[in-house]
Amino acid sequence: MTVAIKVENLSKKYIIKHEKKSGNYETFSDTLIQGSKNITNKIRHPFSGSNTNPETQEEFWALKDINFEINQGDKVGIIGRNGAGKSTLLKILSRITEPTSGKIHINGRIASLLEVGTGFHPELTGRENIYLNGAILGMSRKEIKAKFDEIVAFAEADKFLDTPVKRYSSGMYVRLAFAVAAHLEPEILVVDEVLAVGDAQFQKKCLGKMEEIGSHGRTILFVSHNLTAIESFCDVGINIEKGGINFYGKVEIALKNYIDLLSENVKNIKISERKDRAGDGNIKITDFLIENESKLKTSMFEVNSKFLFKITYESINKPHNARIVIGVYDTTGNGIVRLDSDITGGLPIFISEHGQIQCVTENIPLAPGRYSVNIAFFSNGIIQDHLIGVDYIYIQNSDYFNTGHIFNEHDAKLMKFLVKHNWNVL
Ligand SMILES: Nc1ncnc2c1ncn2[C@@H]1O[C@H](COP(=O)(O)OP(=O)(O)OP(=O)(O)O)[C@@H](O)[C@H]1O
Ligand SMILES: [Mg+2]
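Residues numbered from 1 in each chain as written. Chains lettered and ligands numbered in written order. Predicted model: local features only at pLDDT ≥ 70, side-chain atom pairs only at ≥ 80, totals over all residues. Heavy atoms only, no water.

The strand order across the open sheet formed by 6 strands is S5-S6-S7-S3-S8-S9, and the pairing between neighbours is mixed. For this open sheet the edge positions go to strand S5 (110-113) and strand S9 (244-250), each flanked by a neighbour on one side alone. Between one strand and the next, the sheet's axes are offset by a mean angle of 15 degrees, whatever the strand orientation. The pairing of strand S6 (residues 188-192) with strand S7 (residues 219-223) spans 5 bridges and is classified as parallel. Opposite Asp192, over in S7, you have Val223 as the bridge partner. (Pairing = 2+ DSSP bridges. Helix = DSSP H or I, 4+ residues; strand = E, 2+ residues; numbered from the N terminus. Axes fitted to C-alpha atoms, helices over the stretch in contact; angles between N-to-C directions.)

In this section: the environment of Ser294. Structurally, the position occupied by Ser294 is in the loop between strand S11 (283-291) and strand S12 (300-301). Of the residues examined, Ser294 reaches a relative accessible area of 54% and is grouped as exposed. In this structure the C-alpha to C-alpha distance between Ser294 and Lys306, which are 12 residues apart in sequence, comes to 9.6 Å. (Buried < 20%, exposed > 50% of the residue type's maximum accessible area, 1.4 Å probe, protein only.)

Moving on, we come to the packing of aromatic side chains. Taken as a whole and judged by the stated rule, the model has 14 aromatic pairs. Ring geometry for Phe178 versus Phe202: centroids 6.3 Å apart, planes at 80 degrees, classification edge-to-face. Here Phe178, found in helix H6 (residues 170-183), pairs with Phe202, found in helix H7 (residues 200-215); they are 24 residues apart in sequence, far enough to count as distant. As far as burial versus exposure is concerned, Phe178 and Phe202 are alike and both buried. (Phe/Tyr/Trp six-rings, centres within 6.5 Å; stacked < 30°, edge-to-face > 60°.)

Next up on the list: the sheet that holds strand S13 (residues 308-315). Across the sheet, 3 strands lie side by side as S11-S13-S16; this open sheet has antiparallel pairing. Single-partner strands in this sheet number two, and they are S11 and strand S16 (354-360). Within this sheet the neighbouring strands show an average axis-to-axis angle of 20 degrees, counted without direction. Sheet topology places S11 next to S13; 8 bridges connect them, and they run antiparallel. Within S13, the residue paired with Asp287 across the bridge is Thr312.

Three or more residues of helix H4 (residues 126-136) are buried, namely Gly126, Asn129, Ile130, Tyr131, Asn133 and Gly134. Of the surrounding secondary structure, the elements contacted by the buried residues of H4 are helix H5 (141-155) and H6. Positive backbone phi, at 85 degrees, marks Gly138, one or two positions downstream of H4. (Contact = heavy atoms within 4.5 Å.)

Moving on, we get to the site of ligand 1. What surrounds ligand 1 is a group of 14 residues, the closest being Gly83, Lys86, Ser87, Thr88 and His225. One of the backbone N or O atoms of Gly83 is found 2.7 Å from an oxygen atom in ligand 1. Separating an oxygen atom of ligand 1 from a side-chain N or O atom of His225 is a distance of 2.8 Å. In isolation ligand 1 offers 630 Å² of accessible surface; the protein chains occlude 76% of this area. Elements represented by at least two residues in the shell around ligand 1 include exactly helix H1 (28-32), strand S2 (57-71) and helix H3 (86-93). (Near = heavy atom within 4 Å. Polar contact = N/O pair within 3.5 Å; in protein donor to acceptor, adjacent residues only side chain to side chain. Areas by Shrake-Rupley, 256 points an atom, 1.4 Å probe, with all protein chains shown as cover.)

To continue, consider the nonpolar core. Grouped together as the largest cluster of nonpolar side chains are 53 residues, with contacts concentrated most on Ile130, Leu176, Phe178, Leu189, Met210, Phe222 and Leu227. Built from parts of two domains, this core gets at least three residues from each of domain 1 (3-262) and domain 2 (271-399 + 408-412). When residues no more than four places from it in sequence are discounted, the contact partners of Ile130 are Ile144, Phe148, Ile151, Val152, Leu161, Leu176, Val180 and Leu184. In this structure, Ile285, Ala322, Ile357 and Ile364 belong to the second largest nonpolar core, which totals 34 residues. (Core = buried A, V, L, I, M, F, W, Y, C linked by side-chain atoms within 4.5 Å. Domains from an automatic or database assignment.)

Glancing now at the pattern of salt bridges. Applying the stated criterion across every chain yields a total of 17 salt bridges. The salt bridge partner of Glu59 is Lys13, with a shortest N-O separation of 3.1 Å. Of this pair, Glu59 sits in strand S2 while Lys13 is found in strand S1 (residues 3-17), placing the two residues 46 residues apart along the sequence. On the basis of relative accessibility, which here comes to 47%, the residue Glu59 falls in the partly exposed class. A relative accessible area of 12% places Lys13 in the buried class. One salt-bridge network, in which partners are shared between bridges, spans Lys147, Glu150 and Glu185. (Salt bridge = Lys/Arg side-chain N within 4 Å of Asp/Glu carboxyl O.)

Shown next, in the form of structure tokens:
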């Protein structure tokens, strides 16, 4: 297999300045353009004669000793918490920022779609930027011309073609930037979180386009917090955590690791081996899993999904009057859903010494976010086994109302359920 990207001992250090004594005012964007060496040197050099105060500076390693290889044709999802170093890595690979140390080898033409503000020249029009980007990718004017209409159509940007891109809204900017990067036939496509900016319809369109590009054997690196998109689109996953690689491998495992990391209250050890349990202990829950409607074990669900909970247990005798309670809690510990076999009925008076019990719910319109699951097993009214944080549920933010709009992260935190409703002017 041919290697498309090889990264060796890559590190990136930023200098963070906390306070400025006087004059010589440097803006945040000055710090951002860290590639410009004279600024960096001025900050770092204690005898440079500048009036920076060393005590107000701090070194920060955004990436530390990163190593990996990506094969040609791989579709790689990069996930990690805010500030983990994902964008920094993409910027280095796209040669927008220099690494502090280490090496990268790139085999093929790379096009990248990074945060708004990179890639396009703000003073130039959309049209001019299309040509400029094509030229940077090494395409001839003729080649670009051949792709031009497709780009404009994809971005739906015909009205804005002759407007300088600095006047574009962030949504428009991203549309055009994505269209350019996707249509100029790069061998490697690097995409950072565009899906967060465009509306839901455009997001779908981007994912569709990326799939098409990927199916032609191109290499794609895709950073996103949209785990469903990563899961459906990528085959390789890289978890970045505090500037280091926490996991590299199959995307399903990468996602599971990542969600585990997010769910601090969910233990990473086998349920049968957990010691943090309460109850008389005559019955022991040995396994617990959640499946979706297609009977696939997963933690990730769409809004308004059915849940299948499966509890495996063993007991010293045939449990009499068994009762199981499953509680679903939000991240602040509020109870959101409670499933109680005593209230609904359904369990026989006696159940066997060991076995599996399933609880299937109707569709629950849980709001996007992370939930954890607790479980309690009773017999004859006495609690036998109780586990907190036995599993987690991650509800993906999506275009649930089919309007092309989705709740932003902040609003999604303000609710527990998504409820379909209508608006009328009376
Ligand atoms: N130019 C800069 N100067 C100083 N610090 C920076 C600079 N760029 C990034 N950082 C810091 O480096 C760390 C990694 O940032 P990066 O943008 O790579 O994170 P990320 O994983 O993309 O996060 P997010 O998910 O929020 O986009 C952060 O702590 C960030 O504050
Ligand atoms: Mg980022």
